[in-house]
Amino acid sequence: MYNTDMANQLTNNVFDTALIFEGGGMRASYTCAVANVLIENGIFFDNVYGLSAGASNTVNYVSRDTDRIRRSFVELVEDPNFGGIDTFLQHKGYFSAEYIYQEAGLPGQFLPFDFETFCANPAKVTIESFARDTGESVYWTKDDMPTLPDLMIRVRASSTLPFVMPAPNVDGEFFYDGGLGEGAGFLLPKAKRDGFTRFFIVRTRPREYRKQIPHGLANSLVNTSLWGRPHVVKALNDRWWKYNQMCDEIERLEQAGQAYVFYAKGMDVSSAETDFSKLAASYEMGYAQAQEELPKMKAFLGL
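The text that follows walks through the structure, step by step, so that each part is easy to find.

Calculation notes
- Residues numbered from 1 in each chain as written.
- Predicted model: local features only at pLDDT ≥ 70, side-chain atom pairs only at ≥ 80, totals over all residues.
- Heavy atoms only, no water.
- Helix = DSSP H or I, 4+ residues; strand = E, 2+ residues; numbered from the N terminus.
- Expected span 1.5 Å × (residues − 1).
- Buried < 20%, exposed > 50% of the residue type's maximum accessible area, 1.4 Å probe, protein only.
- Core = buried A, V, L, I, M, F, W, Y, C linked by side-chain atoms within 4.5 Å.
- Contact = heavy atoms within 4.5 Å.
- Axes fitted to C-alpha atoms, helices over the stretch in contact; angles between N-to-C directions.
- Parallel < 35°, antiparallel > 145°, perpendicular 65-115°, else oblique.
- Left-handed = near helix turned anticlockwise from the far one by under 90°.
- Nonpolar A, V, L, I, M, F, W, Y, C, P; charged D, E, K, R; others polar.
- 1 Å grid on protein atoms, 1.4 Å probe; cavity = no way out; pocket = protein on both sides within 12 Å on 5 of 7 lines; lining within 4 Å.
- Points joined across faces, edges and corners; volume = space filled by probe spheres on them.
- Salt bridge = Lys/Arg side-chain N within 4 Å of Asp/Glu carboxyl O.

**As for helix α11 (residues 230-255)**
With 26 residues, α11 extends 37 Å from end C-alpha to end C-alpha; this agrees with the ideal 38 Å at 1.5 Å per step. Looking only at α11, the buried set comprises V232, V233, A235, D238, Y243, N244, M246, C247, E249, I250, E251 and L253. Following α11 by one or two positions, G257 has its phi on the positive side, about 80 degrees.

What follows is the structure, given as structure tokens:
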């Protein structure tokens, strides 16, 4: 855990730029290293946005717990309760979401969350999820997370993949991954509405990556399994072009000097990777890249 004094250390020094974490499942093993490099070098954003795996990066970064940041996407796979085909067949999800998000982070458990520091940090937090039955993008802030269980269920909701994981119930509604929402993987539209014109965007893909039109047997099976959820099916089928539009917009902002974009250049793992050694190597590659880019990061931020 980052060694911090509550009274003196929990201040922020980046106020005019929104920090945005892209999702990407276990690819966040690469980009969570960026969060650690920021913390270790005293770069503290006052406004942090994230969805899916980026929601975990968001709340972990605001809690300033460098150990948990890494363990969430590396060591967690060694927990026997993490998931797999057995939990999938038990309808708990291929990733055992209730355990990962709502149990492992409790005090004394495998991955305890420093809720005290999270609350004490004056940084604003926004995470996104997708309402299963209405198709609406829903945004939650610290005001919606007055307790640790309130936070955990919302991070889980932001990270719940259709078909792969059961939709959690939050205040009477069911939710899926925030990547199905308006930004198709990025909270850039929301950050813009909040008044930001400068952005620090942490990508889990290389610059050239664009999604392809969904097709094939796997896509047909998912659509068939979700036939009673038209909003979810539409969001899944539309996401490829919405995501690509966002990638183009991010590049335009970068070219205009309004965005610093960290692209995961050495991404060698998939969103569903569960091999510890591969995830550990992914973290180290992300850490090395973030250290290499640190001078440019500071220059963009005026630090």
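Next, the rest of the story.
**Let's talk about the nonpolar core**
When a protein is soluble and globular, its nonpolar side chains tend to lie buried together. Among the nonpolar cores identified, the biggest contains 68 residues, and F45, Y61 and F200 are the most heavily contacted of them. Tallying contributions element by element places helix α2 (residues 28-40) first for this core, with nine residues. Those residues in contact with F45, other than ones at most four positions away along the chain, are N12, V14, T17, A18, L19, L38, Y61, A123, F200 and L301. L51, I250, L253 and Y263 belong to the second-largest nonpolar core, a separate cluster that totals 21 residues.

**A word on the packing of α2 against helix α3 (residues 53-63)**
One way to put it is that α2 packs onto α3 with a least axis distance of 10 Å and a crossing angle of 20 degrees. Relative to α3, the element α2 lies roughly parallel. When the axes of α2 and α3 are compared, the crossing they make is right-handed. Contact with α2, carried on its side by A28, T31, C32, A35, L38 and I39, involves A53, N57 and Y61 of α3 and no other residues of that element. Of the residues contributing to the contact of α2 with α3, the split by class is seven nonpolar, two polar and no charged.

**Remarks on the layout of surface pockets**
As a volume, the largest pocket reaches approximately 1300 Å³. Around the largest pocket sit 48 residues that line it, and G25, L161, D177, R239 and S271 are the ones nearest its centre. Elements with a minimum of two residues in the lining of the largest pocket: α3, α6 (97-102), α8 (148-158), α10 (216-225) and α11. Examining the composition of the lining of the largest pocket, we find that five residues originate from one element, α11, more than from any other. Residues belonging to the lining of the largest pocket are distributed by class as follows: 27 nonpolar, 14 polar and seven charged. The space that makes up the second largest pocket amounts to roughly 210 Å³. What lines the second largest pocket is P206, R207, E254, A259, Y260, V261, Y263, K265, E292, E293 and K296. Elements represented by at least two residues in the lining of the second largest pocket include exactly β8 (259-262) and α12 (276-301).

**Here we look at the pattern of salt bridges**
In total, this model carries 16 salt bridges according to the counting rule given. Taking the shortest distance from any N to any O, the salt bridge between R132 and D133 comes out at 2.9 Å. Under the relative-accessibility criterion, R132 is labelled buried at 12%. Measuring nitrogen to oxygen at the nearest pair gives 2.6 Å for the salt bridge that ties E249 to K192. Taken together, the residues E249 in helix α11 and K192 in helix α9 (residues 188-193) connect sequence positions 57 residues apart. Via salt bridges that share partners, R132, D133 and R229 belong to a single interconnected network.

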